[in-house]
Amino acid sequence: MMLAFASPSCCSVHTSSTCHTLLRELEQIWKDIGETEADKNRMLSELERECLEVYRRKVEEAANTKGCLHQSVATKEAEVATLMAALGELNINSLKQPEKKSASLKEQLAFVTPLIDDLRVKKDERVKQFADVKTQIDKITSEISEYSNIINAMSSLNLEDHDLSLRNLSEYKSHLRALQKEKSERIQKVVDCVNEVHSLCGVLGLDFGKTVSDVHPSLHETSLGQSTNISVSALESLEQAIFRLKTERKVRYQKLKDVAGLLFELWTLMDTTREEKSKLSRITSVLRLSEAEVTEPGALSLEVIEQISTEVERLTKLKASRMKELVIKRRAELEDICYKNHIDPDPSTSADKSSAMIDSGLVDPCELLENIEAQINKAKDEALSRKDIMDKIDWWLFACEEENWLEDYNQDYRRYSGGRGAHINLKRAEQARIKVTKIPVVVKALINKTLAWEDEKQKLFLYDGVRLVSILEDYKVVRKQKEESKKRAQDQKKLHDMLLAEKKSVYGSKPSPRRSSSFRKGNGYHANGHGSVTPSPRRSSMSCATPELLTPRSNSVRHNGYFKEMTRLSTGPLNFVSMAKEDTVSFSSISGSDPESPLQA
């Protein structure tokens, strides 16, 4: 019985033999003692019961140990799965681990324990990376959102309960890069805005430090541990400050432009010297630029505007004392322009009237000066439009003067003498004859051009107060009468020559010292055929040509003398009585002359 009990309970052959040896030794002792069979059986039953109790306790302890090991393996496997899921690693089932059927619990525990340690280290590193990225994100977000405190990354995010995978970390890093880019752009924008504020403050002469500190102190001086404010509100404040400064720049530029405009007018009116203007050349040079191009420091400061305003006030006071002188001077310029172009100036602003009005205070000198300036501009414009006609008038007057000279020259019996300058007068006579032949065509063209001018301007073309067309028409009538008078004189001369020829044939020729005065005039003058006389150059001797013979007189003298005569003719009746008298004298001299006296041409 004992052998049967011992045999299946033994774990090995050695254990079984040891139990049999001890059992035989116990039986021998009992035999020596003389124990009865009943006592032996009782003691063997107790021994068997104690052995079973020991086995049972050991089995329970082993079962408990197995359960603990199994729980540990399961717990560690669950932790591995959790760490793997958090880190985004491969599934635990994909790891190379021993088969559960063949591997003991201790083997499984030995495999999982170092894996957990590695995953925990990797998790700690990953948590640190997430914490670093999150700290930077929170810091930049705080700067952009203008939060005063930086939220701790570990307190704001429980990393144990969140995805710690590389994919999630990459998303955090991408978000961080986007924030860093936005921060960089905002910093650059802030720098640009601050630089623009600095430039505008320099142009306007304002304190840059105070201006930018009113927006945010960090924009001017960044202290240790204080970063530049790049928040939305800071950018908005900077943009508002730039808008205010640009508005102020625009206002000051316009003010400077207005004041400088007055200064330029005063300089022109006062005939300011170049040296005096150069004192403010740096200020006035700003006006050559547009508002946005003004970048010189202090160019639009209040001191500059005050300086130029002071100069304007000084010149304004000085202008009041010199305005009368300026009015008289500009009026003289107007009269000079009108005189040169034979235009009648406006009598309302004559020197006497202007002086009287200024002294009486009836008119503002500035308004009077503006009126004269307008008249000067009007006279210049009219002179420009009259230029072509005036050039033709000059040619016509010169041709008329040459015609008068030619008549005097033709009546000079010594013109062919060999005196000095005779060839020059002869050449001038040839040129004068050519000009005289062109006079009718030029006069006709001048009338047509003048009428066209009057149609275009819707007013009369006046020459020294008389309509030019009337003068030219009168000239044509006078010229026609003069030509008719010349023709009659020629006919009379032919008749006279015929009578002389008849007398010579009947009575013979007899020289007479008398000369007819019908065709010769004394004192250097000759009749022009219409009762008036025009001055001809005086000659002291034909042997010496004087400058009056060789060169024509000045335009102004020619214009004034000839047009005064033409004005007299145009405003009064033609002197037909004088013309008839001349014809009568000529005819009576022919009929009443001595038959024996020849007529001197």
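Since the structure is predicted, the reported quantities are computational estimates derived from the model, not experimental observations.

(A) Region of the structure containing the overall build of the chain. Broken down by element type, the chain carries 18 helices and 4 strands. By the burial criterion, 34% of the 601 residues in the chain qualify as buried. Restricting the contact set of the chain to residue pairs at least 6 apart, pairs at least 24 apart contribute 76%. As displayed, the chain has an accessible area near 36,900 Å², and 55% of this comes from carbon and sulfur atoms.

(B) Representation of a negative patch on the surface. Side chains of E265, D364, E367 and E370 sit close together on the surface and give a patch of like negative charge. If you trace the backbone, D364 turns up in the loop between α12 (351–360) and α13 (365–411). A relative accessible area of 36% places D364 in the partly exposed class.

(C) Examining a nonpolar patch on the surface more closely. A cluster of nonpolar side chains, namely L495, M498 and L499, defines an oily patch on the protein surface of about 260 Å² accessible area. On the accessibility criterion, L499 (34% relative accessible area) is partly exposed.

(D) Seen up close, the packing of helix α6 (residues 166–204) against helix α7 (residues 208–215). The N-to-C vectors of α6 and α7 enclose an angle of 140°; their axes lie 9 Å apart at closest approach. Classed by the angle they form, the pair α6 and α7 counts as oblique. In this structure, α6 crosses over α7, and the sense of that crossing is right-handed. Contact with α6, carried on its side by V194, V197, H198 and C201, involves F208, T211 and V212 of α7 and no other residues of that element.

(E) Structural context of the pattern of salt bridges. Inspection of the entire model under this criterion finds 28 salt bridges. A salt bridge links E239 to K189; its shortest N-O distance comes to 3.4 Å. Of this pair, E239 sits in helix α8 (residues 232–270) while K189 is found in helix α6, placing the two residues 50 residues apart along the sequence. Overall, the relative accessible area of 39% leaves E239 in the partly exposed class. Among the ionic pairs, R314 bridges to E311, the shortest N-O distance being 2.7 Å.

(F) Looking closely at the packing of aromatic side chains. Evaluated as defined, the whole model comprises 5 aromatic pairs. Between F130 and Y172 the ring centres are 5.4 Å apart and the planes differ by 75°, which places this aromatic pair in the edge-to-face class. Of the two residues, F130 sits in helix α4 (residues 105–145) while Y172 sits in helix α6, which places them 42 residues apart along the sequence. Each member of the pair F130 and Y172 is classed as buried. Sitting over the ring of F461, R386 keeps its end group 4.0 Å from the ring centre. For R428, the ring lying beneath its charged end belongs to W405, and the centroid distance is 4.1 Å.

(G) Just the confidence of the model for the chain, in detail. Looking at the chain, the pLDDT average stands at 75 and 74% of residues meet or exceed 70. This model gives residues 1–11 a pLDDT under 50, and the stretch forms 12 contacts once residues within four places in sequence are excluded. Note that residues 147–161 has pLDDT below 50 and, in this model, 22 contacts with residues that lie over four places away or in other chains.

(H) The arrangement of the packing of helix α3 (residues 37–87) against α4 in detail. At a minimum axis separation of 9 Å, α3 and α4 run at an interaxial angle of 30°. As the angle between them shows, α3 and α4 are arranged roughly parallel. α3 and α4 meet at a crossing whose hand is left-handed. Taken together, the residues of the contact of α3 with α4 sort by class into 12 nonpolar, 4 polar and 9 charged.

(I) Here's a closer look at unusual backbone geometry. Despite not being glycine, H342 shows a phi value in the positive range, around 55°. Mapped onto the elements of the fold, H342 is located in the loop between α11 (302–340) and α12. We note that Q458 has phi near 60°; this positive angle belongs to a residue other than glycine. Assignment of secondary structure puts Q458 in the loop between α14 (422–457) and β1 (462–463).

Definitions and cut-offs
Residues numbered from 1 in each chain as written. Predicted model: local features only at pLDDT ≥ 70, side-chain atom pairs only at ≥ 80, totals over all residues. Heavy atoms only, no water. Helix = DSSP H or I, 4+ residues; strand = E, 2+ residues; numbered from the N terminus. Buried < 20%, exposed > 50% of the residue type's maximum accessible area, 1.4 Å probe, protein only. Contact = heavy atoms within 4.5 Å. Areas by Shrake-Rupley, 256 points an atom, 1.4 Å probe, with all protein chains shown as cover. Patch = residues over 30% accessible without salt bridge, like charges linked within 9 Å, V, L, I, M, F, W, Y side chains within 5 Å. Salt bridge = Lys/Arg side-chain N within 4 Å of Asp/Glu carboxyl O. Lys, Arg positive; Asp, Glu negative; His and termini not counted. Charge placed at Lys NZ, Arg CZ, Asp CG, Glu CD. Axes fitted to C-alpha atoms, helices over the stretch in contact; angles between N-to-C directions. Parallel < 35°, antiparallel > 145°, perpendicular 65-115°, else oblique. Left-handed = near helix turned anticlockwise from the far one by under 90°. Phe/Tyr/Trp six-rings, centres within 6.5 Å; stacked < 30°, edge-to-face > 60°. Lys NZ or Arg CZ within 6 Å of the ring centre and 35° of its normal. pLDDT = per-residue confidence, 0-100. Nonpolar A, V, L, I, M, F, W, Y, C, P; charged D, E, K, R; others polar.

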